[in-house]
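Listed below, chain by chain, are the residues.
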Amino acid sequence: MNRQARLGMVVTALAIVYVVWGSTYLGIRVVVEEMPPLTSMGARFVAAGLLLSVVLRLRGVRLGVSRAQLLGAATLGLLLPLLGNGLVAVGESKGAPSGVAALLVAAVPLWVVAYRVGSGDRPRGWSVLGVLLGFAGLAWLVLGGRDQGDVPIVGAAFVLAASGFWAFGSWVQPRLTLPENPFVVAVHEMWTGGVMMVALGLVLGESPTPLAYDARAWLAWAYLVVIGSMVAFTAYVWLLSNAPISLVATYAYVNPVVAVLLGWAILDEPVTRAVLVGGLVIVAAVAVVITVERPRRTVEDPALEPASPA
């Protein structure tokens, strides 16, 4: 492949990660307007895991794993799809705008640095400053607009908890026993997390009624399964091996901008002063942390773990 063709593929893959992962928050918001959050997102991940497994089998990839590897993948399924994506869906079902949800989840790299400090690690001074700046932006985003009623505190609390769990899963991932192939990890992470999410939703009293949902909700759900979970993840993994890591890492602070713009353009979500100021501070802080930490070229790197419900 010549240099120009490879550059075109890099640009295309990066655009997919930027736009698709930025749009998943919008998709979730549309889905949870009608579908219960946990069972719908659980079914999404089960379906995505099954579809990805079929694709991998057709390509000759072995999906068998050891008991320890399955346990490691299930741990990620608990922390990322269930407690990460699941709580985002719950938060959006309780009124958190999709753009605000994306900005809150963008704080994942900040949480990762905080976990490192708690474990005895000593990040660089700029990283610590970025974390403090980012959490100040989070506080302003949630509390600064309360008088305008644009950020429901309960919904925001669920999404903020989701970002903390997602970051913890990202931080603990390199310490788990997992398959070497990241796509095999994704298959087992998605189906185990999806099954747990559906089970929890049913235990909590969710009662799915598939025949009652309109085409708009089903279209958004299908988009999350195929485009959000499969296409964007494939593009992301390909980028990790074919593009500079500093370029790939930019998704972490481009996704929330895309999400805010889509929420404003499609769902008429207000872009208030609190969203603008808090969002800019969060994005700047994440950019500082990612730049200073210089993530390694590996999908297990916590600073590069997708900070989206992909």
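For the structure, check the block above.
Residues numbered from 1 in each chain as written. Predicted model: local features only at pLDDT ≥ 70, side-chain atom pairs only at ≥ 80, totals over all residues. Heavy atoms only, no water.

Colleague: An account of unusual backbone geometry is needed here, citing residue identities and associated values.
Modeller: A positive phi angle is found at Asp 268, which is not glycine, with a value near 60 degrees. Taking relative accessible area as the criterion, Asp 268 reaches 65% and is therefore assigned exposed. (Buried < 20%, exposed > 50% of the residue type's maximum accessible area, 1.4 Å probe, protein only.)

Colleague: Please set out helix α6 (residues 125-143) residue by residue, giving values where relevant.
Modeller: For α6, which comprises 19 residues, the first-to-last C-alpha distance of 27 Å matches the rise-based estimate of 27 Å (1.5 Å per residue) to within 8%. Those residues of α6 not exposed but buried are Ser 127, Gly 130, Val 131, Gly 134, Gly 137, Leu 138, Leu 141 and Val 142. For α6, the arc enclosing every buried residue in end-on projection is 125 degrees, short of the 170-degree limit, so these residues lie on one face. For α6, the exposed residues lying more than 90 degrees away from the buried face are Gly 125, Leu 132 and Leu 143. (Helix = DSSP H or I, 4+ residues; strand = E, 2+ residues; numbered from the N terminus. Expected span 1.5 Å × (residues − 1). Arc of directions from axis to C-beta.)

Colleague: Can you lay out the packing of helix α4 (residues 98-105) against helix α11 (residues 251-267) for me, pointing to particular residues and giving the numbers?
Modeller: Between α4 and α11, whose axes approach to 7 Å, the crossing angle comes to 170 degrees. In terms of orientation, α4 and α11 fall into the roughly antiparallel class. Here Ser 98, Gly 99, Ala 102 and Leu 103 of α4 come into contact with α11, specifically with Pro 256, Ala 259, Val 260, Gly 263 and Leu 267. (Axes fitted to C-alpha atoms, helices over the stretch in contact; angles between N-to-C directions. Parallel < 35°, antiparallel > 145°, perpendicular 65-115°, else oblique. Contact = heavy atoms within 4.5 Å.)

Colleague: Requested: an account of the nonpolar core, with residues and values cited.
Modeller: Core analysis: the largest hydrophobic core is formed by 97 residues, its most contacted members being Leu 52, Leu 104, Tyr 236 and Leu 239. For this core, the element with the highest residue contribution is helix α9 (residues 215-242), accounting for 13 residues. Setting aside chain neighbours within four positions, we find Leu 104 in contact with Leu 138, Leu 141, Val 142, Ala 156, Val 159, Leu 160 and Ser 163. (Core = buried A, V, L, I, M, F, W, Y, C linked by side-chain atoms within 4.5 Å.)

Colleague: Run through a nonpolar patch on the surface, naming residues and quoting values.
Modeller: On the surface, a nonpolar cluster with roughly 640 Å² of combined accessible area is contributed by Trp 140, Val 257, Leu 261, Trp 264, Val 271, Leu 276 and Val 277. Sorting the residues of the nonpolar patch by element identifies α11 and α12 (273-293) as the ones contributing at least two each. With 3 residues, the top contributor of residues to the nonpolar patch is α11. Along the chain, Val 277 falls in helix α12. Val 277 sits in the partly exposed class, given a relative accessible area of 38%. (Patch = residues over 30% accessible without salt bridge, like charges linked within 9 Å, V, L, I, M, F, W, Y side chains within 5 Å. Areas by Shrake-Rupley, 256 points an atom, 1.4 Å probe, with all protein chains shown as cover. Salt bridge = Lys/Arg side-chain N within 4 Å of Asp/Glu carboxyl O.)

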